[in-house]
Amino acid sequence: MAELVPKLYRYQFDPNSKVHDAMTQVWHSVVADPKRTVDEQFDPIMDELLSSANAKEWRVRQACAGGLAELVGGREMTQIGKHLDRLWYVVLHLVDDMKETVRVVARSTCQALGTTSVRLCSTDYAGPQAASKAVAIVIPVLLQRGVSSRADDVRALSVKFLVQVCKHAGPRLRPHCA
């Protein structure tokens, strides 16, 4: 079951409506409590989505982007922290995908990840240690991978979230300004 859940989760976001509908039905028949299952299987699901995001097939990349958008929303640093840097790298890469439909879904995913990251970097929502840890991950990724990208969409989204993180991070930015 542990190997099945991550793949089923990804297939729910397949762009082919027949595959999507069939896998959603299988998901609901196999998984009794979807929210609890996703929480318990968070790491394997995240690993599946992140590793499959580089697949040759555009449908798989698009499904991964859609799955990541759903998965990152509302997560806490304790759960998403160890994946945060890789998440940003993968999502920014998907925003610059060669297939337009993948890029559209990836922009939505980037929005969800950015909103979650801004929340994690804010001491209003996260504790001081969690916020410091999030800032230490998000700022370098956005600067190194995002702002310096050749893709206009990647740069624009990176600058947008970099500004928001800077507004909410407050004194947590000092170590990164030197």
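Refer to the structure above for everything that follows.
Thresholds, definitions, all that
Residues numbered from 1 in each chain as written. Predicted model: local features only at pLDDT ≥ 70, side-chain atom pairs only at ≥ 80, totals over all residues. Heavy atoms only, no water. Helix = DSSP H or I, 4+ residues; strand = E, 2+ residues; numbered from the N terminus. Rg over C-alpha atoms; globule rule 2.2 N^0.38 Å. Buried < 20%, exposed > 50% of the residue type's maximum accessible area, 1.4 Å probe, protein only. Areas by Shrake-Rupley, 256 points an atom, 1.4 Å probe, with all protein chains shown as cover. Lys, Arg positive; Asp, Glu negative; His and termini not counted. Charge placed at Lys NZ, Arg CZ, Asp CG, Glu CD. Axes fitted to C-alpha atoms, helices over the stretch in contact; angles between N-to-C directions. Parallel < 35°, antiparallel > 145°, perpendicular 65-115°, else oblique. Left-handed = near helix turned anticlockwise from the far one by under 90°. Contact = heavy atoms within 4.5 Å. Core = buried A, V, L, I, M, F, W, Y, C linked by side-chain atoms within 4.5 Å. Salt bridge = Lys/Arg side-chain N within 4 Å of Asp/Glu carboxyl O.

Chemist: Looking at this structure, how should I read the overall build of the protein chain?
Modeler: A count of helices and strands for the protein chain gives 10 helices and 0 strands. For the protein chain, the sequential pattern of α-helices and β-strands runs α-α-α-α-α-α-α-α-α-α. Here the C-alpha atoms of the protein chain give a radius of gyration of 16 Å, agreeing with the 16 Å that 2.2 N^0.38 yields for 178 residues. For the protein chain, the C-alpha atoms occupy an extent of roughly 50 × 35 × 20 Å along the three principal directions. The proportion of buried residues among the 178 residues of the protein chain is 47%. By element, 54% of the accessible surface of the protein chain is carried by carbon and sulfur atoms, the whole surface being about 9,200 Å². A distance of 5 Å separates the average location of the 23 positive side-chain charges in the protein chain from that of its 19 negative side-chain charges.

Chemist: I keep staring at the packing of helix 1 (residues 4–11) against helix 4 (residues 42–52) and nothing clicks. Help me out?
Modeler: Two numbers describe a pair of packed helices, the interaxial angle and the distance between the axes. Contact pair helix 1 / helix 4: the axes reach a minimum separation of 8 Å and the direction vectors enclose 55°. Taken together, the axes of helix 1 and helix 4 lie oblique to each other. Of the two elements, helix 1 crosses helix 4, and the hand of that crossing is right-handed. When helix 1 is examined against helix 4, the residues Val-5, Pro-6, Lys-7, Tyr-9 and Arg-10 are found in contact with a partner set consisting of Pro-44, Ile-45, Glu-48, Leu-49 and Ser-52.

Chemist: Explain the nonpolar core to me, please; I cannot follow it from the model alone.
Modeler: One recurring pattern in soluble globular proteins: nonpolar side chains tend to sit buried together. Core analysis: the biggest nonpolar cluster contains 52 residues, and Met-46, Leu-68, Leu-71, Leu-84, Leu-87, Trp-88 and Cys-110 have the highest contact counts within it. Among residues more than four places away in sequence, those in contact with Leu-87 are Met-46, Leu-50, Leu-68, Val-72, Ile-80 and Leu-113.

Chemist: Would you mind going over the pattern of salt bridges with me for this structure?
Modeler: A pair can form between side chains of opposite charge whenever their charged atoms are brought close. Scanning all chains against the criterion turns up 13 salt bridges. A salt bridge links Glu-48 to Lys-7; the nearest nitrogen and oxygen atoms lie 3.1 Å apart. With a gap of 41 residues between them, Glu-48 in helix 4 and Lys-7 in helix 1 connect regions that are remote in the sequence. A salt bridge links Glu-76 to Arg-119; the shortest N-O distance between them is 3.6 Å. Taken as a pair, Glu-76 in the loop between helix 5 (58–72) and helix 6 (77–80) and Arg-119 in helix 8 (residues 100–121) lie far apart in primary sequence, 43 residues in all. Judged by relative accessible area, Glu-76 falls into the partly exposed class, the value being 41%. Taken together, the shared-partner salt bridges in this structure form one network comprising Glu-100, Arg-103, Arg-107 and Asp-153.

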